[in-house]
Amino acid sequence: MATSLLRKNVHPLMAAGPSLLSSLRLSLLRSISSSPVRFSAPLSESASVAESDSSPNLSPRPGVKILETYKEEFEIGSRAISFETGKIARFANGAVVISMDDTHVLSTVACAKSGEGARDFLPLTVDYQEKQFAQGVIPTTYMRREGAPKERELLCGRLIDRPIRPLFPPGFYHEVQVTANVLSSDGKHDPDVMAANATSAALMLSDIPWNGPIGVIRVGRIDGKFVFNPTMDDLSLSDLNLVYACTKDKTLMIDVQAREITERDLQAGLRLAHPEAVKYIEPQIRLAEKAGKRKREYRLSLISDKSFGKIKSLSESPIEEVFTDPTYGKFERGEALEKIAQTVKAELEEEGDEDGLKYVSKAIDTVRKQVIRRRIIEKGLRVDGRQLDEVRPLYCESGTYPILHGSSLFSRGDTQVLCTVTLGAPGDAQRLDHIVGPPTKRFMLHYSFPPFSINEVAKRGGLNRREVGHGTLAEKALLAVLPPEDEFPYTLRINSEVMASDGSTSMATVCGGSLALMDAGIPVREHVAGVSVGLVSEVDPATGEITDYRILTDILGLEDHSGDMDFKIAGTRKGITAIQLDIKPAGIPLDIICESLEPARRGREHILDRMEQEISTARAMNDGSAPRLATLKFSNDSLRKLIINRKKIEQEAGARVSVSDGTVTLVAKTQTTMEKALEKIDFLIGRQIEVGKVYKGVVSSIKEYGAFVEFNGGQQGLLHISELSHDPVSKVSDVVSVGQQLSLMCIGQDLRGNLKLSLKATLPAPKKNLLDSPVHVASQPPQETTISEDIISNSTPPVIIRPAEECDSIANKLLTVKRKSRKASVDVSSQRPQETTTSEEVSNLTPLVIRAAEECDSVANKLLAAKKKSSKASKSSLRTSLLKGNKKGTSKGTVAIAEELAQIMNPVDEEPKDEVKSGQMKIGDVMTAKVHQIRAHGLVLELSDGERGMYKFQEDGRKDFEVGEEVDVVLSTFSTKGIPIFVLVD
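Cut-offs used in this document
- Residues numbered from 1 in each chain as written.
- Predicted model: local features only at pLDDT ≥ 70, side-chain atom pairs only at ≥ 80, totals over all residues.
- Heavy atoms only, no water.
- Helix = DSSP H or I, 4+ residues; strand = E, 2+ residues; numbered from the N terminus.
- Buried < 20%, exposed > 50% of the residue type's maximum accessible area, 1.4 Å probe, protein only.
- Contact = heavy atoms within 4.5 Å.
- Salt bridge = Lys/Arg side-chain N within 4 Å of Asp/Glu carboxyl O.
- Pairing = 2+ DSSP bridges.
- Axes fitted to C-alpha atoms, helices over the stretch in contact; angles between N-to-C directions.

Trainee: Would you mind showing me how to read unusual backbone geometry here?
Mentor: In terms of backbone geometry, most residues other than glycine have negative phi values and most peptide bonds are trans. Cis rather than trans, the peptide bond between Gly212 and Pro213 has omega equal to 5°. In this structure, Asp223 takes a positive phi of about 55° despite not being glycine. Relative to the helices and strands, Asp223 is located in the loop between strand 9 (215–222) and strand 10 (225–228). Despite not being glycine, Asn455 has its phi angle at roughly 60°, a positive value.

Trainee: Would you explain the environment of Tyr244 in this entry?
Mentor: With respect to the helices and strands, the residue Tyr244 is situated in strand 11 (residues 240–246). Owing to a relative accessible area of 0%, Tyr244 belongs among the buried residues under this scheme. Through-space distance from the C-alpha of Tyr244 to that of Arg218 is 6.4 Å; in sequence the pair is 26 residues apart. Apart from residues lying up to four places away in sequence, Tyr244 is in contact with Gly215, Val216, Ile217, Thr251, Met253, Ile254, Leu270, Ala273, His274, Ala277 and Leu590.

Trainee: What should I look at first to understand the pattern of salt bridges in this one?
Mentor: Pairing is possible between side chains that carry opposite charge, provided their charged atoms lie close to one another. Across all of its chains, the model carries 51 salt bridges by this definition. The partner of Asp190 in a salt bridge is Arg218, with the nearest N and O atoms 3.9 Å apart. Separated by 28 residues along the polypeptide, Asp190 in the loop between strand 8 (176–184) and helix 6 (191–205) and Arg218 in strand 9 bring together distant segments of the chain. Both residues of the pair, Asp190 and Arg218, belong to the buried class. Between Arg374 and Glu320 there is a salt bridge whose closest N-O contact spans 2.5 Å. Pair noted here: Arg374 is in helix 13 (residues 360–379) and Glu320 is in helix 10 (residues 305–324), with a separation of 54 residues, a long-range link. A residue is classified by how much of its surface remains accessible, and Glu320, at 30% relative accessible area, is partly exposed. In this structure, a network of salt bridges that share partners links the residues Arg382, Asp384, Arg386, Arg392, Arg412, Asp554 and Glu559.

Trainee: Can you help me understand the pairing of strand 37 (residues 966–974) in this one?
Mentor: Each regular strand carries side chains that alternate between the two faces of the sheet. As paired elements, strand 34 (residues 926–934) and strand 37 share 5 bridges and run antiparallel to each other. Paired with Val926 across the bridge in strand 37 is Val970. In this structure, strand 37 lies alongside strand 38 (residues 980–984), joined through 5 bridges in antiparallel fashion. Directly across from Thr973, in strand 38, lies its bridge partner Ile981.

Trainee: Mind showing me how you'd approach the environment of Ser504 here?
Mentor: Mapping Ser504 onto the fold places it in the loop between strand 19 (491–500) and helix 15 (505–519). Here the alpha-carbon distance between Ser504 and Leu556, two residues 52 residues apart in the chain, equals 7.4 Å. Once you skip the residues sitting within four places of it in the chain, Ser504 turns out to touch Arg412, Thr415 and Ser532.

Trainee: Help me out: how do you make sense of the sheet that holds strand 26 (residues 663–668) in this one?
Mentor: Adjacent strands of a sheet form backbone hydrogen bonds with each other and so pair up, either parallel or antiparallel. Strand order in the open sheet formed by 3 strands is 24-26-25, with antiparallel pairing between adjacent strands. Every other strand in the sheet has two partners, leaving strand 24 (628–633) and strand 25 (656–660) as the edge strands with one partner each. Each adjacent strand pair in this sheet contributes to an overall mean axis angle of 20°, direction not counted. Where strand 24 lies against strand 26, 6 bridges are found, and the strand directions are antiparallel. Paired with Lys633 across the two strands is Thr663, which belongs to strand 26.

The following block contains the structure:
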């Protein structure tokens, strides 16, 4: 038909060059498109070529090549989609370009001409490539070109492989290669689903036997509404990412990532996805009718019925005996089956059956599957004797290795997985070089399947498609319960090491990973568990329809191998978080898929009960194993300083420093390392000064009145001589030296905004005796200062035997307090002084005088009360006042103390003291100064030795001063230039 069509519509180019026809295959020229695309060699002639193309009667100019293209356009989910073939990759068995907006993906298929030897499997390879030119970017690698396949490329290849593999005919073991290339990407659409549909269309166009086509669609859900073919922005808002593949009436593959979607909502999404996916099928059929090739005759590697019957008769009964014996374990059962295979092989060698020997392994495997499936369908008996919905025995252990950040050991039957959690800084997040999706990933789950887990010897290589796929499935399942990044900024990595495998290690990884996350103290909302559901069915050979089936919960590895599907479902008690469905037959009805969700839910809840018995809430992260993380904010200038000193901080402190978007993150293994790093940052970069906080500083210079200290990234503060120690200091250099590093507390600012620092505030306060401190009265109202006889003439209180020297010492202590500060106010306490003398001291004292405790306290009370009444009281008046209070009980020692106190408080009778010199002034010194100058905000005061100081007006204070007026002042502080600052004496 194609030949007759060419004869009726002879193209002028073909008539002009008959040699061209001989070089072209007729199979590539099925028909002429209604709108052929032509390219002109000379660029200047493009306009004339376009004019000539508009008229079919005009012949094209020399040098013009005709590319016959076929295109099918359709619309799904408000997205315009098209299939196109014939323009590029014309030598492949099949090539199709699919387009959606500005995203274009090319998929090609190629098949080997003949099979190499006897195979018992289909060597199908799917390579998916995302090169950076598709988004207009040069690769950032050293060679500036793409290297080995990335994880995403492997996952997209698996997404294409899983739905197309079951549709190849049985016995077709020729090598097939699928290559999908992203030609351009606008960043709006994920090309993986587009590549799967393009691959289906390419297989339909090729001469490779394949029972397609299929349709693949992505479904999201935003605010409870399902969205078909969502963009990447839509997926960021969606709580569902469902990829569904099917034929016209059966399901082939399901891949789900969700945020705890219920089984009911998932079923609704699946039933809506099926008719939308079918819309991809009809355009492929139409395109194949236009440009498809006739399917080639390939040799199928199938055993003859006669040879298979002979092998079955020899092996069926021994195989049934093996599966009937419940004492067999996994490896014992495997050894028994291997002996049966060797026996059958020896029998065939004696008979000389070459055909049977060629396929003996595949035939015995088929017999074994038939035995297992018949026992499950007819008797409901599983390989290990469990019920159909029974989960294997469970073992859970958290904190397996306490030194790790988090660890767990999970076993289900013979399947065992060790999971560990490692926490890192935000800068440790994985950088993704993908053409779509986020640029980084802060949660990673790496799954490892070593050969010893199945008692085999094999070479370990690079990235394995199976390991990447299983790890990603578990990662998606756990991602739904992780805390948001703003609440928990750590980068997380889970390592899943399979210790033993007998079915569904990926779901064991989900359970073990959830236990390890809680053991690490990560605040996950609740546990996630997973279970694998299988299917065994009977099919009518005539119609291909399923006549009977059984659903199995928690399948073994042998049941997975012999069954029809591996339906992995993970989630919490609230709903499903991840699903992966792989099948072996050419499709399973959607009703059976939905029916499998309920037994999976029951099995998942059974596992969750056991996991919660081991650990139900996240542990605290303040133990020794968890790393410490601190997040700091700095200005742009401080960030520049930090970046310059970053290596120095990491080397000297031992912490890791990462800077991202103006935020600095510190990660340290221990709290000591974290504190050291923070101190280093405070010293080099500085932070906002807060009064009361302690800072590290270095003495830069020493003056008579104090020392200047550089701290907090170059800032300076004054450490006054009065703040060096709790004890009096006569010389600053006796305590500190230039270059000495100190821990200082910021105690405020002076009038000019200069920072004031204190060393003594960071030192432990000296132990105070009760006698060293003023005594306060809290329960009695203030009394009049007049001392009368009525105060002590009341009923006599209980007496305490106390040495007279101790009572006199109380007054001496109070006198010492008076000497230190003339303005110190002393309140009288009603509490008794605590006994401060030891038994040895009491024995050495002079004879005791019995005196009421109130009398001792009253002496001090009267002394201070008299001072409050008049600071200029004479000795005689004070002595008389004291003696009036208690004429009978006054001792000679008390009278002597009263006379001494009267002398101190009445300096009129003493010689005048020397004036305080400016170089010897201390904070708290009281002196007389003259008003030298009156300014707008204060006074300039002149001291006796000519030194000048400052006084700042107070809001409600006195302001009517005169030049030359003498005022009593107290030294309050010093300015940064050493100028004394005073306040008035009340």
